[in-house]
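Geometric and topological summary
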Amino acid sequence: MGTKREFRIWRGDENGGDLQDYTVEVNEGEVVLDVIHRLQATEAPDLACRWNCKAGKCGSCSMEINGKPRLSCMTRMSTFEEAETVTVTPLRTFPVIRDLVTDVSFNYEKARETPAFAPPADVAPGDYRMQQVDVERSQEFRKCIECFLCQTVCHVIRDHEENKQAFSGPRFFIRAAELDMHPLDARTDRKEYAQAEQGLGFCNITKCCTEVCPEHIKITDNGIIPMKERVVDHRYDPLVWLGSKIFRRGQVPQTFVTSAQHGGAVHSSAPHGGVHSHAGGSHDAPHEVEAQRGVNWRREVPHPTAPATDANGKLPLTELTFDRAAAPSPFGDDITFPLPPEHLNFAHPSQDEPKH
Amino acid sequence: MTETRIERHHYDVVVIGAGGAGLRAAIEARLAGKKTAIISKSLFGKAHTVMAEGGAAAAMGNMNSRDNWQVHFRDTMRGGKFLNNFRMAELHAKESPHRIWELETYGALFDRTKDGKISQRNFGGHEYPRLAHVGDRTGLELIRTLQQKIVSLQQEDKRDHGDYEARIRVFSETTITELLLDGDRVAGAFGYYRESGEFILFEAPAVVLATGGVGRSYKVTSNSWEYTGDGHALALRAGATLINMEFLQFHPTGMVWPPSVKGILVTESVRGDGGVLKNSDGKRFMFDYVPDVFRKQYAETEEEADRWYTDPDNNRRPPELLPRDEVARAINSEVKAGRGTPAGGVYLDIASRRSAEEIRRRLPSMYHQFKELADVDITKEPMEVGPTCHYVMGGVEVDPDSGAAFGTVRGLFAAGEVSGGMHGSNRLGGNSLSDLLVFGKRAGGHAASYADQLTARPAVAVAAVEAAVETALAPLQRDTGESPYTLQQDLQAVMGDLVGIIRRENELVDALARLAELRERVAKVSAAGGRRYNPGWHLALDLRNMLVVSECTAKAALERQESRGGHTREDHPGMDPKWRQVNLVCSLDGDTVRLTRKPLPKMRGELIGLFDRGELAKYLTDEELAEFDALAEEASK
């Protein structure tokens, strides 16, 4: 009852790798993860892939399927043409560990930096009273399964390693929004924090995150925009903000200023803007045009090289000295930023649509 | 062995498992001032707890003020067919409201009642609406809340000590393969990082097991790959004992079609919110399957059952809300009688009973899941469901108050699904989430005080570590053995076909013979590839845990000659009060599983007094009943 289908799956580790061809049997009603499991049970027993619930609830099996970040347990084989080759690659924004498994620790670090819920001082456990309508707004964001698809698709970090330090990403904007909207959270500076510490100003609302969210959380409309607007209300002239929003495409992409810059020294460590074009923050118009024209997915993109290791494959550092101080660059020592735009693989979903 | 690099860590408490019980235990140990490690087989926050949909049972009395811990206790004992450890059921019923309220102080956002309290929903086996819930993603809310609480503790440590990981650290994607002992005391745990394949050794005087269940030994299961009985097997090998291993819960309503989602659960709240079960003739068949012990609480006509949804005080419950084992058996009988769907299930219909809008509002992730995974619109068509291996009631035999493991080992604690006794022969829906919190907190707290009272730290023996390294590397060094995937499939076939939902003596004997064969083959398993993130190798190491736990289940199932809760013997269909007094205890004697009988602890007078005699008569022996009567007489004097 099954049919033979063609798959191309990226195999390799941080030292490099390539796409390998597989012909696999696919049965009616199966999803991409089923096919990967079949491969593991047959010709590729050591094919590395994360998964847990296989029901779209844990957010473990994120990968890029035909270039699109997806949960493989939620990608039905029936959505592809029978003759179509399905290409499966690891999440691009995070360093590869092996095959389809990437190092997503970036997200856990950002989670740790986001201030936790602050319980109200004068309410005893059991005495919390909230109305359903008030908790619903936060509940939408708490649906998040932490698949990190929004993080991997976000162009602020997808092609800009250098932004990772200052930018937490959509997942943690909605965490801030969730706490901001929590009826009993005792902290009152969630928005300001998001702006100053999480790099909210970097986001220019392209809504890629909302598009890939498997939980259909309206990340941009319900989370990011309300926070941005209120930050703007507090600090900036909304007309200037609106004006820059209208003109940001086409005419003046490079001169659009982030709210952080516009507002002056909100936070001294906030890096400079200029990351608002989809093709990369190169400030180089011809290159950008070139990069936006189309993307050749099969093109060799240089892989980051790991730092030198000892005979056991470990960094020549003891645990005591390794942890914080002077750790080597996680992106490898042979990469300089910003990356040249012709090495970047991002195409905005709407780039081919007529401009407004 | 000299060239093998092993990363060493020192902790006061090591918690193995990062689901609800593990995280709650770790929070408690850290709050007690202990340096705590959390070992997570997956990434942090992906544990199987996220799959729990219905809610967490706690007698807060928000929906019906008549609810209290005594009623909850009664429901739990009734659900477990009186085989529960009464003390655990008592603690659970008393403490779960506090554990739920505590979650709110960690930032949890439950659905609310009109007056702003935590809303509670109906669920099979619970007399009053009792399940605190968040739509149908309560497990996710619980795990995220605990995860974020741990982050907040790490932020405190960063403030105080300059390092997030000063006192509590999560080791994600790390598997423990061996517990190390110093005499009869836990001295540490040995394992490997899944990502790199590098070995890691924890030296710690106290270990809390919170590894969940064993479902991956079954073909149709709702459990994720992590559920390989690691904690059960680690405990056995360390000298602890397991009880009630014959009791496995088959969730009555797992999806059976389409195949990609086979085994995925359809939450009981679909039935709580009006969904009904129908066979291929379109008949609502559950009315034919109400057992005598439940006759009084359940409706006899469709009309009465339907009135209950809006007026529960004056009507009896629909039989679709019978405890899970009853529903699973009923579905099994219908399918066997030839009235099932083509895929071997029955229909669960909510589409014809509630408006599309209401279904979407009340069961949002159910709707979403079916739509996306299977392209089935539950507001328009019925679902095809059947029994799925879901939960193991059996587990590490523990002291009810502290969670300390029995047997010959000290310093070992267990909480959550990996511990046994709390749920007796059958778990009520919603009781597991509150179980995680109540006993997770207890195990974490007692592990911390155990570590405190030690005068000297137990030491890890070098030889034991070397042996553990050798065992772990063995499958990679062999290339003559079978693939771990083939072995797992064969194990699943044995367990699914011969030790499944309905059991027979000859099949169980057969199963034990086959498991013995499999044991030989598993001992020779080989895994291709290297140590770096190699799922084949990981499975090869998990197999030996799955095997020993399966042997426990098969042996205990053969021994217990009655049907009760999650154990149904076709050749011994009735419940036998004599068997109610017995727990089957598994221990390891060298390599062999040894089975012994042990009397159940006797319920205290004031607790047994909560039941009426008519009900007890169904469960107790004549001598026990006479004792009860004497007690009642004394009380009335």
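Residues numbered from 1 in each chain as written. Chains lettered and ligands numbered in written order. Predicted model: local features only at pLDDT ≥ 70, side-chain atom pairs only at ≥ 80, totals over all residues. Heavy atoms only, no water.

Some remarks on the overall build of chain B
Along chain B, the regular secondary structure elements total 19 helices and 23 strands. When contacts within chain B are restricted to residue pairs at least 6 apart in sequence, those whose partners lie at least 24 apart make up 73%. As displayed, chain B offers around 20900 Å² of accessible surface, 48% of which is attributable to carbon and sulfur atoms. (Helix = DSSP H or I, 4+ residues; strand = E, 2+ residues; numbered from the N terminus. Contact = heavy atoms within 4.5 Å. Areas by Shrake-Rupley, 256 points an atom, 1.4 Å probe, with all protein chains shown as cover.)

So, the overall build of chain A
On a plain count of helices and strands, chain A comes out with 13 helices and seven strands. Counting all 356 residues of chain A, 52% fall into the buried class. Taking all contacts inside chain A whose residues are at least 6 apart in sequence as the whole, residues at least 24 apart take part in 65%. As displayed, chain A has an accessible area near 16100 Å², and 53% of this comes from carbon and sulfur atoms. (Buried < 20%, exposed > 50% of the residue type's maximum accessible area, 1.4 Å probe, protein only.)

Some words on the sheet that holds strand β16 (residues 383–392) of chain B
All names here are of chain B. If you walk across this open sheet you meet the four strands as β13-β16-β15-β14, and the pairing is antiparallel. The open sheet is flanked by β13 (248–255) and β14 (276–278), the only strands paired with a single partner. Strand-to-strand twist of the sheet, defined as the mean angle between neighbouring strand axes without regard to direction, takes the value 45 degrees. The pairing of β13 with β16 spans six bridges and is antiparallel. (Pairing = 2+ DSSP bridges. Axes fitted to C-alpha atoms, helices over the stretch in contact; angles between N-to-C directions.)

Thoughts on the packing of aromatic side chains
The full count for this structure, using the stated rule, is 19 aromatic pairs over all chains. An angle of 80 degrees between the planes, with centres 5.3 Å apart, marks the rings of Phe167 of chain A and Phe173 of chain A as edge-to-face. Just as Phe167 of chain A is buried, Phe173 of chain A falls in that class too. Measuring from ring centre to ring centre gives 6.1 Å for Phe285 of chain B and Tyr289 of chain B, while their planes differ by 90 degrees; the resulting arrangement is edge-to-face. Of note, Lys164 of chain A hangs over the ring of Phe106 of chain A, and the distance from its end group to the ring centre comes to 5.7 Å. Lying across the ring of Trp69 of chain B, Lys94 of chain B places its NZ or CZ 4.6 Å from the centre. (Phe/Tyr/Trp six-rings, centres within 6.5 Å; stacked < 30°, edge-to-face > 60°. Lys NZ or Arg CZ within 6 Å of the ring centre and 35° of its normal.)

Examining helix α8 (residues 324–336) of chain B
All names here are of chain B. In this model α8 runs 18 Å from its N-terminal to its C-terminal C-alpha over 13 residues, within 8% of the 18 Å that 1.5 Å per residue would give. Regarding α8, the residues found buried are Arg324, Asp325, Glu326, Val327, Ala328, Ala330, Ile331, Asn332 and Glu334. Against β13, α6 (269–272), β14, β15 (346–349), β16 and β20 (502–503) lie the buried residues of α8. Phi turns positive, to about 85 degrees, at Gly338, one or two residues after α8. (Expected span 1.5 Å × (residues − 1).)

Structural notes on the interface of chain A and chain B
Counting from both sides, the interface comprises 68 residues of chain A and, opposite them, 71 residues of chain B. Summing both sides of the interface, chain A and chain B together bury roughly 5900 Å²; the carbon and sulfur share of this comes to 51%. Considering only the side of chain A, the residues that lose the most area to chain B are Lys57, Arg112 and Arg142 of chain A, jointly responsible for 14% of the buried surface there. Where chain A touches chain B, the interface holds seven salt bridges. The set of elements that each furnish at least two residues to the side of chain A that touches chain B consists of α1 (32–41), β6 (96–98), α2 (105–113), α3 (132–142) and α6 (170–181) of chain A. Taken together, the residues of the side of chain A that touches chain B sort by class into 30 nonpolar, 14 polar and 24 charged. (Buried area = accessible area lost by both parts, 1.4 Å probe. Salt bridge = Lys/Arg side-chain N within 4 Å of Asp/Glu carboxyl O. Nonpolar A, V, L, I, M, F, W, Y, C, P; charged D, E, K, R; others polar.)

Describing the environment of Pro259 of chain B
Assignment of secondary structure puts Pro259 of chain B in the loop between β13 and α6. Here the alpha-carbon distance between Pro259 of chain B and Ala343 of chain B, two residues 84 residues apart in the chain, equals 9.1 Å.

Here's the deal with unusual backbone geometry
Generally, phi is negative for residues other than glycine and the peptide bonds are trans, each holding for most cases. Non-glycine residue Glu146 of chain A carries a positive phi angle of around 55 degrees. In this fold, Glu146 of chain A is placed in the loop between α3 and α4 (149–153). Classification of Glu146 of chain A as buried rests on a relative accessible area of 5%. Phi is positive for Glu173 of chain B, which is not a glycine, with a value near 50 degrees. With respect to the helices and strands, Glu173 of chain B occurs in the loop between β7 (168–171) and β8 (174–182).

Some points on the pattern of salt bridges
All names here are of chain B. The final tally for this structure, using the stated rule, is 88 salt bridges over all chains. One salt bridge in this structure joins Arg339 and Glu334, with 2.8 Å as the shortest N-O distance. Its relative accessible area of 28% is what places Arg339 among the partly exposed residues. Among the ionic pairs, Arg514 bridges to Asp510, the shortest N-O distance being 3.3 Å. Of the two residues, Arg514 and Asp510 both sit in helix α14 (residues 505–523), four residues apart, roughly one turn of that helix. The exposure class of Arg514 is partly exposed, given its relative accessible area of 39%. Through salt bridges with shared partners, a single network forms among Arg87, Glu90, Lys94, Asp401, Arg604 and Glu606.

A few points about the pairing of β16 of chain B
Residue and element names in this part refer to chain B. Burial of β16 is extensive: nine of the ten residues sit out of reach of the surface. As defined by bridge partners, β15 adjoins β16 across three bridges and the pair is classed as antiparallel. Across the sheet, Leu348 pairs through a bridge with Met383, a residue of β16.

Remarks on the confidence of the model for chain A
On average, residues of chain A score 79 in pLDDT, and 66% of them reach the 70 mark or higher. In this model residues 248–282 of chain A is a low-confidence stretch, pLDDT under 50, and it forms 61 contacts with partners more than four residues away in sequence or in other chains. (pLDDT = per-residue confidence, 0-100.)

Quick word on the sheet that holds strand β17 (residues 395–397) of chain B
Residue and element names in this part refer to chain B. Taking strand neighbours across the sheet as the criterion, the five strands line up as β19-β17-β12-β22-β23 in an open arrangement whose pairing is mixed. The open sheet has two edge strands with one neighbour each: β19 (419–420) and β23 (592–599). With two bridges joining them, strand β12 (residues 242–243) and β17 adopt antiparallel strand pairing. Across the sheet, residue Ile243 finds its bridge partner in β17, namely Gly395. Lying on the sheet, helix α5 (residues 230–237) is in contact with β12, β17 and β22 (582–589); it crosses β22 at an angle near 70 degrees. Against the sheet, helix α15 (residues 535–559) engages β12, β22 and β23, with an angle of about 45 degrees to β23.

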